[in-house]
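Residues per chain, in single letters:
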Amino acid sequence: MACTVRVASPLRSYTAGAASVDAVGHDIAAVLADLDTNYRGIRFRMIDEHDRIRPHIRLYVNHDAVTSLQQAVHPGDTLHLICALSGG
Amino acid sequence: MAMTATEKQRYARHLSLAEIGAAGQSRLKNSKVVVIGAGGLGSPSALYLAAAGVGKLALVDYDVVDLSNLQRQVLFTNADVAQSKVAAAAKRLAALNPDIEVVAHDLQLTADNILDTLREYDVVIDGTDRVSTRYLINDACVILGKPLVSAAIHRFEGQALTYLPERGPCYRCLFPNAKDGQVPNCADAGVLGVLPGVMGSIQATEAIKLILGIGELLTGRLLTYDALTTRFDEFTVARRTDCAVCGEHPTILTPQDAVPKSKTTAAQRALISHSTPRQLQLRLGSAAESTTPILLVDVREPHEFERGHLAGCVNVPIGELAARMDELVASLSGSSRGRSSRPDVVFVCRSGGRSLQACEMAVGARLTAVPINLDGGLLAWARDVDPEFVVAPV
C-alpha cells in the first residue's frame, strides 16, 4: 500500500532534505500518520488541532486536490505536499 | 502608429512570429505593466518585459541594493550597491530599451496607496518577498479587476499562478490565509540564485501572452518547479465560493494591511533597540544582579525552537504573536514582581528578520518601552558566542 510523498521545500527539514519519501495508508489521514511516525512533527505543520488542512498548505493526490483527510489513497499514488512560499 | 526602422530591427524576431507580428508588437508597445519587488523575480521579469517592448514598465520597491542581492538580482551590478533599487533598475532598463517608458515607484505598498499605485496598469507582476504583501497585492488586484501574475520561491522550489478577474481563482483561493512567520522567506532559508531567473521569466512570459491574447495562461493551474530534481508539476486550483475577496460573499472589500509594520511610524521604529550576540551574552550573564530583568522571546516556529534555543526563552511563533500579546504582558507583570522595573524584552529568531518584525509589533502594542532585537539572530549567536549552538533550518 506504499505511495510516494513529494515533500515541499519548507518541509524538507523533517525529511533530512529528501524531496520524495514513501508512506503507507489507505487514506490521507493514515498516510500522514505514517509520515509523522518516520518524520516526527511534519503532520502538525500541515494539519491543525481540529484535523483541518492549514490554510497555507495544499495537498494533492496525483493531480486531484485533497479536501478531506478521509480521501482514499491507492498504491502507486503520489501525494504532493505543497506549502505557500513567500520568497521573491 | 507605424513602427520605426529601429523598432522593426529591434523586434525582428517577434515580427517573424505569426502569433505576434506587427499587430502584437503594437499591443506590447501600448501596454502598461507594473512589477512589484525589484528582487530575484522582478529582475528577469522586468528585463524581459523591457526587451520585449512593453510600452510603460513600472517597478515598485523601497529597498536599496545590497551586495547579497547580486547572487540572483541580475538587474544590478556592484556599482549599484547601496543605491535605490528602483532608481538603479530604471537606469538599467532604460539602457536596455530607450524606446520604452520606465517608471520608478520608490515606496512601500500599503493599504492606503496600493489602489492608486496599481490603477493605471494593465498587468501586475508580484515578485515580493513577504506573504502579507502578496495578500495585499492579490486583494487590490481583485478589487481593481487587474490580472495578476504571481510567483514565489524558496531554496530550490518555485511556484507560479496567474489570476484573471472573473475567470479564475485568486491567490486567496489557493492559500486562503498564511502568516509571515509560517512561510519562510529567502533571507531566512536561502535560495538558489538561478531559480528566480526561471520563475521570473515565466512571469514575464505570462504577462506577454496575456497582453497579446495568445496561448494558455496559468489560470486555475499552479505551476511548481523543483530545481533540484528538474521537475515541473501543475495542479488544478478551483475558485472558492467562500473566498474572502473573490468569493460569492466577500468580506474584504478594501485592501488591508496584514502586518502591523506598515502601521508602525518611523518614530515608533526608532524606539527599537538592537543588541549584538556578545552584548546579549553579557547582559544575560549579569541578569541576576541587574535591577531590570530580561525576558527572552523566541519567535521561530516550534519545530525550529525544539532543535535548540537559548536557556529561559519563551517560544511565541511570529504568526501567533499578535494574538498572544496579552500572554506576554502577563509574563512581564509576573517576572517583574519583587524587582524595581519591568523586564526588557529581547526578541530572537534565526537571522534577525522575524524578530525585528516582532519588535515592531511590540512597539505598536505598547508591550514594552524599548523592545530589543538580537541582530543577526541565532545564526550570529552561534558564530560569535556559542559555536556548539544548533540553529535549526527553517
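In every chain, residue numbers begin from 1 and rise along the written sequence. Key to labels: chains lettered from A, ligands numbered from 1, both in the order written. At least 70 in pLDDT is required for a residue's local features to be given in this predicted model, at least 80 for side-chain atom pairs to be given and counted, and no such filter applies to totals for whole chains, interfaces and linings, which use all residues.

**Q** Before we go on, may I ask you to explain the overall build of chain A in this structure?
**A** Segments assigned H or I by DSSP are reported as helices when at least four residues long, segments assigned E as strands when at least two residues long, and all are numbered from the N terminus. When helices and strands are counted, chain A shows two helices and five strands. Just to be clear, the radius of gyration here is over C-alpha atoms, and the globule rule we use is 2.2 Å times residues to the power 0.38. For chain A, the C-alpha radius of gyration of 12 Å lies close to 12 Å, the compact-globule estimate for 88 residues. Projecting the C-alpha coordinates of chain A onto the three principal axes gives extents of approximately 35 × 25 × 25 Å. By the criterion used throughout, residues are in contact when their C-beta atoms, derived from the backbone, lie within 7 Å. Expressed as a percentage of contacts within chain A between residues at least 6 apart in sequence, the contacts between residues at least 24 apart total 50%.

**Q** Where do I start with the interface of chain B and chain A in this structure?
**A** Put simply, an interface is often sized by how much accessible area is lost when its parts join up. At the junction of the two partners, chain B supplies 39 residues and chain A supplies 20 residues. Elements represented by at least two residues in the side of chain B that touches chain A include exactly α7 (131-144), β5 (148-154), β6 (157-163), β7 (221-226) and β8 (231-236) of chain B. Side-chain classes follow a simple rule in which Ala, Val, Leu, Ile, Met, Phe, Trp, Tyr, Cys and Pro form the nonpolar group, Asp, Glu, Lys and Arg form the charged group, and the remainder, Gly included, forms the polar group. Classifying every residue of the side of chain B that touches chain A by side-chain character gives 18 nonpolar, 14 polar and seven charged.

**Q** Can you walk me through helix α16 (residues 353-364) of chain B in this structure?
**A** At 3.6 residues per turn, the α-helix brings residues three or four places apart onto the same side. Residues and elements named next belong to chain B. Taking 1.5 Å per residue, 12 residues should reach 16 Å; α16 reaches 17 Å between its end C-alpha atoms and fits that length. The element α16 is largely enclosed, with a buried count of 10 among its 12 residues. Here the C-beta atoms are placed from the backbone, and a residue counts as buried if at least 20 other C-beta atoms lie within 10 Å of its own, exposed if 12 or fewer do, and partly exposed otherwise. Residues of α16 that are buried include every one of R354, S355, L356, Q357, A358, C359, E360, M361, A362 and V363, and no others. Phi turns positive one or two residues past the end of α16, at R366, with a value near 55 degrees. Expected span of a helix: the number of residues minus one, times 1.5 Å.

**Q** How do you make sense of the sheet that holds strand β4 (residues 123-126) of chain B when you look at a structure like this?
**A** Pairing between the strands of a sheet is mediated by backbone hydrogen bonds and can be parallel or antiparallel. Residue and element names in this part refer to chain B. Strands sit in the order β3-β2-β1-β4-β5-β6-β7-β8 across an open sheet of eight strands; the sheet is mixed. The open sheet is flanked by β3 (101-106) and β8, the only strands paired with a single partner. Pairwise comparison of adjacent strand axes, ignoring direction, gives a mean angle of 15 degrees for this sheet. Two strands are said to pair when DSSP picks up at least two bridges between them. Looking at chain direction, strand β1 (residues 32-36) and strand β2 (residues 56-61) are connected through five bridges and run parallel. Each bridged residue has a counterpart across the sheet, and for V33 the counterpart in β2 is L57. Fitted lines through C-alpha atoms give the axes, limited to the stretch in contact for helices. The angle between two N-to-C directions lies from 0 to 180 degrees. Sitting on the sheet, helix α5 (residues 85-96) is in contact with β2 and β3, with an inclination near 175 degrees to β3. Contacts from helix α10 (residues 195-212) reach β1, β4, β5, β6 and β7 within the one sheet, and its direction differs from that of β5 by about 170 degrees.

**Q** I would appreciate a short explanation of the sheet that holds strand β2 (residues 20-24) of chain A in the present structure.
**A** Residues and elements named next belong to chain A. Read across the sheet, five strands follow the order β2-β1-β5-β3-β4 without closing on themselves; strand pairing throughout is mixed. What marks the edges here is a single partner per strand, and that holds for β2 and β4 (64-65). Pairing of strand β1 (residues 2-6) with strand β5 (residues 78-83) involves three bridges; the strand directions are parallel. Residue pairing across strands places T4 opposite T78, the latter belonging to β5. Most of the contacts of helix α1 (residues 28-38) go to β2, to which it runs at about 120 degrees, and overall it touches β1, β2, β3 (57-61) and β5.

**Q** Help me out: how do you make sense of unusual backbone geometry in this one?
**A** Residues apart from glycine generally show negative phi values, whereas peptide bonds are mostly found in trans. If you check the backbone angles, A:D51 has positive phi at about 60 degrees while not being a glycine. In this structure A:D51 comes out as exposed when scored by C-beta crowding, with 10 C-beta atoms within 10 Å. One non-glycine residue with positive phi stands out, namely B:R155, at about 55 degrees. Within the secondary structure, B:R155 is located in the loop between β5 and β6.

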